[in-house]
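Residue strings, one per chain:
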Amino acid sequence: MSAVVVDWLGRGGIAQTTPAWVRALTKTGHDVTVVTRGGRDLIGDHVRAPDEGAHALVTHRRLAQLAAATVDELQPDLVVVQNYVVPPLEGALDRALRRSRARSIVVVHDHRLHSRAAGMHAGLRRRLRSADAVVAHSRFVGDAVEQLSGRTDVVCLPLPTVAAGPHGTDQLPATDAATAIGFGVLHRSYKGLDVVTRLAADGLPGWRFAVAGTGAPVGLPGLAAAPGYLSSPDLAATVGGSSAALLPYRFATQSAAVLFAQQLGVVPVATAVGGIVEQIEDGVDGMLLPTEATLLDWRSALDRVRDDYGALSARCRTRAAAADAEFERTADALLR
């Protein structure tokens, strides 16, 4: 049997789940081809990528055309489509699926994208209705997708852990203090970077505040920074050297950052928005705060992390391992 996985971005939290789908498909006897953007995180002989265009939308259209050509050529038994960006530009793949014998799984990571720059969901409803199965990684998204599509059979399975790879280097200077870190694509307004910078400016005894990733600001008071894109191994080494992950989201469908922190034994301290409340049990494997939490509330949460760090860290790793196992069980059953 053969399968095709279409990953529209090839980088970030969505792409970090693609290797888990490849493993699950391989386990069920599929020869897997991944179609994605080139020069990003997904590499290997099984990966196909289009030539880059002069504009991102040109490249995206080329990616859809390559995905369609791959379906036409390989006539796979199954196609897994990872999320969406601009469905009208992805129509070539939809048409290829209609003329093929392949079954399709659409994995919806975000029922609505976080900004206009991230894309649009016009035309998504038709794709959801025509798919053989629809998957979400939180009940929060699953319920919204069922409302959008009229389906009642959305499969919900946890995010899988990230295979970050060895030999990463911590991009922050060494310190004896516990580190509370914000990480990811930080310039997006919904990430709540201002909360991290304000905490850093005020300071908290025994803690160092840090940021890592795209949009990480440099030179702010009390804030260590590792700016720019970090490879998965370097990001794992940098985040893994911390005690707490600061995730003051204003909106979230679910968060790969929560699971990434948990699998490293780093305690996520996050706002209780969207699907994040499904990923953290407050005071057990992370801390949850309301969106209106004050800086005093955030400092109190960090005090709780410091006081019970060993037990919290251990439970974080246990939670991540359980999520990974549940992904494997559910994905395997769905594919079979």
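Cut-offs and rules
- Residues numbered from 1 in each chain as written.
- Predicted model: local features only at pLDDT ≥ 70, side-chain atom pairs only at ≥ 80, totals over all residues.
- Heavy atoms only, no water.
- Pairing = 2+ DSSP bridges.
- Helix = DSSP H or I, 4+ residues; strand = E, 2+ residues; numbered from the N terminus.
- Axes fitted to C-alpha atoms, helices over the stretch in contact; angles between N-to-C directions.
- Contact = heavy atoms within 4.5 Å.
- Buried < 20%, exposed > 50% of the residue type's maximum accessible area, 1.4 Å probe, protein only.
- Right-handed = clockwise from strand over helix to strand, strands pointing away.
- Salt bridge = Lys/Arg side-chain N within 4 Å of Asp/Glu carboxyl O.
- 1 Å grid on protein atoms, 1.4 Å probe; cavity = no way out; pocket = protein on both sides within 12 Å on 5 of 7 lines; lining within 4 Å.
- Points joined across faces, edges and corners; volume = space filled by probe spheres on them.
- Nonpolar A, V, L, I, M, F, W, Y, C, P; charged D, E, K, R; others polar.
- Patch = residues over 30% accessible without salt bridge, like charges linked within 9 Å, V, L, I, M, F, W, Y side chains within 5 Å.
- Areas by Shrake-Rupley, 256 points an atom, 1.4 Å probe, with all protein chains shown as cover.
- Lys, Arg positive; Asp, Glu negative; His and termini not counted.
- Charge placed at Lys NZ, Arg CZ, Asp CG, Glu CD.
- Core = buried A, V, L, I, M, F, W, Y, C linked by side-chain atoms within 4.5 Å.

**A few points about the sheet that holds strand β13 (residues 287-289)**
Spatial ordering of the open sheet is given by β10-β9-β8-β11-β12-β13, a layout of six strands whose pairing is parallel. The open sheet has two edge strands with one neighbour each: β10 (223-227) and β13. Taking the axes of each pair of neighbouring strands and ignoring which way they run, one obtains an average angle of 20° across the sheet. Inspection of the sheet shows strand β8 (residues 178-183) paired to strand β9 (residues 207-213) by six bridges, in the parallel sense. Looking across to β9, one finds that T179 is bridged to R208. Lying on the sheet, helix α6 (residues 193-202) is in contact with β9, β10 and β11 (244-247); it crosses β9 at an angle near 145°. This element, helix α10 (residues 309-335), spans β12 (267-271) and β13 of the sheet and lies at about 85° to β12.

**Points about the sheet that holds strand β4 (residues 78-82)**
In spatial order, the strands read β3-β2-β1-β4-β5-β6-β7; together these seven strands make up an open sheet with parallel pairing. With one partner strand each, in any of the chains shown, β3 (47-48) and β7 (155-156) form the two edges of the open sheet. With five bridges joining them, β4 and strand β5 (residues 103-108) adopt parallel strand pairing. Pairing of V81 across the sheet is with V106, part of β5. Where helix α5 (residues 139-149) meets the sheet, its contacts fall on β5, β6 (133-136) and β7, and the angle it forms with β6 comes to roughly 140°.

**A few points about the pairing of β5**
A large share of β5 lies buried, amounting to five of its six residues. The β-α-β motif built from β4, the intervening helix α3 (residues 91-99) and the parallel element β5 has right-handed crossover chirality.

**Observations regarding the pattern of salt bridges**
In total, this model carries 18 salt bridges according to the counting rule given. Its salt-bridge partner being R127, residue E90 comes within 2.8 Å of it at the nearest N-O pair. Highlighted residues: E90 in the loop between β4 and α3 and R127 in helix α4 (residues 124-130), separated in sequence by 37 residues. Accessibility expressed as a relative area gives 0% for E90, which makes it buried. Where salt bridges share partners, they join E90, D94 and R127 into one cluster.

**Remarks on unusual backbone geometry**
For N83, which is not glycine, the phi torsion reads 65° and is therefore positive. Of note, H167 is a non-glycine position whose phi angle comes to about 70°, a positive value. Structurally, H167 can be placed in the loop between β7 and β8. Judged by relative accessible area, which is 76%, H167 ranks as exposed.

**A short note on the side chain of T33**
Summarising the element assignment, T33 is placed in strand β2 (residues 31-36). Excluding residues within four positions of it along the chain, T33 makes contact with A3, V4, V5, H46, R48, T70 and L74.

**Things to note about empty space enclosed by the protein**
Across all of its chains, the model carries two cavities of 30 Å³ or more by this definition. Considered as a void within the structure, the largest cavity measures approximately 60 Å³ in volume. Lining the largest cavity we find G182, F183, L186, K191, G192, L193, V196, L246, L247, P248 and Y249. Among the residues forming the lining of the largest cavity, the class breakdown is eight nonpolar, two polar and one charged. Computed from the structure, the second largest cavity encloses a volume of approximately 30 Å³. Forming the boundary of the second largest cavity are G13, Q16, T17, L159, P160, V162, A256 and L259.

**Brief notes about a positive patch on the surface**
The grouping of R61, R95, R98 and R126 at the surface amounts to a positive patch. Among the secondary structure elements, R61 is positioned in helix α2 (residues 56-74). Among the residues examined, R61 registers a relative accessible area of 43% and is labelled partly exposed.

**Re the nonpolar core**
Residues I181, F183, V239, L247, Y249, F260 and I276 are the most contacted members of the largest nonpolar core, which totals 29 residues. Within the residue set of this core, elements represented by two or more residues are β8, β9, β10, α7 (232-240), β11 and α8 (256-263). Here this core gets four residues from one element, more than from any other, and that element is α8. Not counting the four nearest positions on each side in its chain, Y249 is found in contact with Y190, K191, S255, A257, T271, V273, I276 and T291. Formed by 27 residues, the second largest nonpolar core is a distinct cluster that contains L193, A216, A293 and L312.

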